[in-house]
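# Geometric and topological summary
If you want the building blocks of each chain, they are given just below.
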Amino acid sequence: SSMALFNASATVAYDTPTGASVNAAGVQNTGGPFILGNEFNVNSAISVTAIGAFNYSGTGFSSPVQVAIYQLLTGSWTQVGGTAVTFSGSSYSYIGGNAFSTLGSSVTLGLGTYAIVAANYGTAANPDWNSGYNTPTPANQRPTFNGGGVISMPTGVETAFYSSGSSLGGSLSGLTTGNWGSPNPAFGAGTFQFNLTAVPEADTFAIAAVSMLGLVFIGRNLVPRRSY
C-alpha cells in the first residue's frame, strides 16, 4: 500500500487589488520607510510556497522591499527561516496587485501566532495600502484576508503593527501595535501563498498497518524451496 500527503491548490493569504483598483485615499506614500506587519494565527499546519509584496505601480520595485514571516515566541517576534525575500526590479509574476517570488523549498508553519512583515514601504517608490490612512475606503478596494479557517486574523486590540525601517533583521522591536481596518487587513504590503499540510486519515493508517503485518507474517513463514 502507499500513503501520500495531499496539498490543496495554493491560496493567497492577503489578496490586494491592482493599483488602479485601490482607492487612492488609502494609499500611503509619505512618512516612510516603514516596517509593516499583519498578524495571523495558524490553526492547522500550512506549507508556505511563495512570498509576495504589494506593488502599487504594477511595474516592479525601483527601491528594494524585504518581506518575511515572523513567529511570536515568548513575547518576541522571530523571523522564520527560509521565508525572507528581497524584491527588486520587475521580474515577478503577479496575482492582483501583489508580486510573488516562489521559495526554493516550502516552509511549514505549525500552530501558533505569526506575522507577514514587509520593510521599506510608505515612500513614493513603494506606496503601501493603509487601513488607517484617510479612511473610510470601500471594502472592495481594500486588501482581503483568505484564511479559510486554516489561518485566521487575530481578534482584539492587536491585529497588526508598524515601526520605522527599510530592512528586516532576525527579530523585531520598537513596534506600535493596533487594530486597524478589521475585519480587513491593516496593510497592503507583504503576503504569501500557502497549502494546507494534510495528514493521512485514520483509515489510511489502518490499511498501512495491516499491510505491514502481512509482510511480516510472510517474511517469517515463507520457507524457501531447495533445489537438488
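What you see is a predicted model; the values in this text were computed from it and never measured.

### Some details on the environment of W129
- Assignment of secondary structure puts W129 in strand β12 (residues 128–130).
- Separated by 106 residues in the primary sequence, W129 and N23 place their C-alpha atoms 8.9 Å from one another.

### Quick word on the packing of aromatic side chains
- According to the stated counting rule, one finds 13 aromatic pairs in the structure shown.
- Where F40 meets F192, the ring centres are 5.0 Å apart and the plane angle is 35°; that geometry is what we call tilted. Of this pair, F40 sits in strand β4 (residues 34–42) while F192 is found in strand β19 (residues 190–196), placing the two residues 152 residues apart along the sequence.
- Residue classification places F40 among the buried residues on the basis of a relative accessible area of 0%.
- Judged by centre distance (5.9 Å) and plane angle (50°), the ring pair of W180 and F187 falls under tilted.
- With relative accessibility at 3%, the residue F187 sits in the buried group.
- These aromatic residues form a ring-pair network of at least three members: Y14, F40, Y114, F145, F192 and F194.

### Topic: the pairing of β19
- Of all 7 residues in β19, 6 are buried; the element is thus mostly enclosed.
- Relative to β19, strand β1 (residues 11–12) runs antiparallel, the two being bridged by 2 bridges. Residue pairing in the sheet places V12 in a bridge with Q193 of β19.
- Two strands pair when backbone bridges link them, and strand β5 (residues 46–54) and β19 are joined in this way by 7 bridges, in the antiparallel orientation. Its bridge partner lying in β19, S47 is registered against N195.

Calculation rules
- Residues numbered from 1 in each chain as written.
- Predicted model: local features only at pLDDT ≥ 70, side-chain atom pairs only at ≥ 80, totals over all residues.
- Heavy atoms only, no water.
- Helix = DSSP H or I, 4+ residues; strand = E, 2+ residues; numbered from the N terminus.
- Phe/Tyr/Trp six-rings, centres within 6.5 Å; stacked < 30°, edge-to-face > 60°.
- Buried < 20%, exposed > 50% of the residue type's maximum accessible area, 1.4 Å probe, protein only.
- Pairing = 2+ DSSP bridges.

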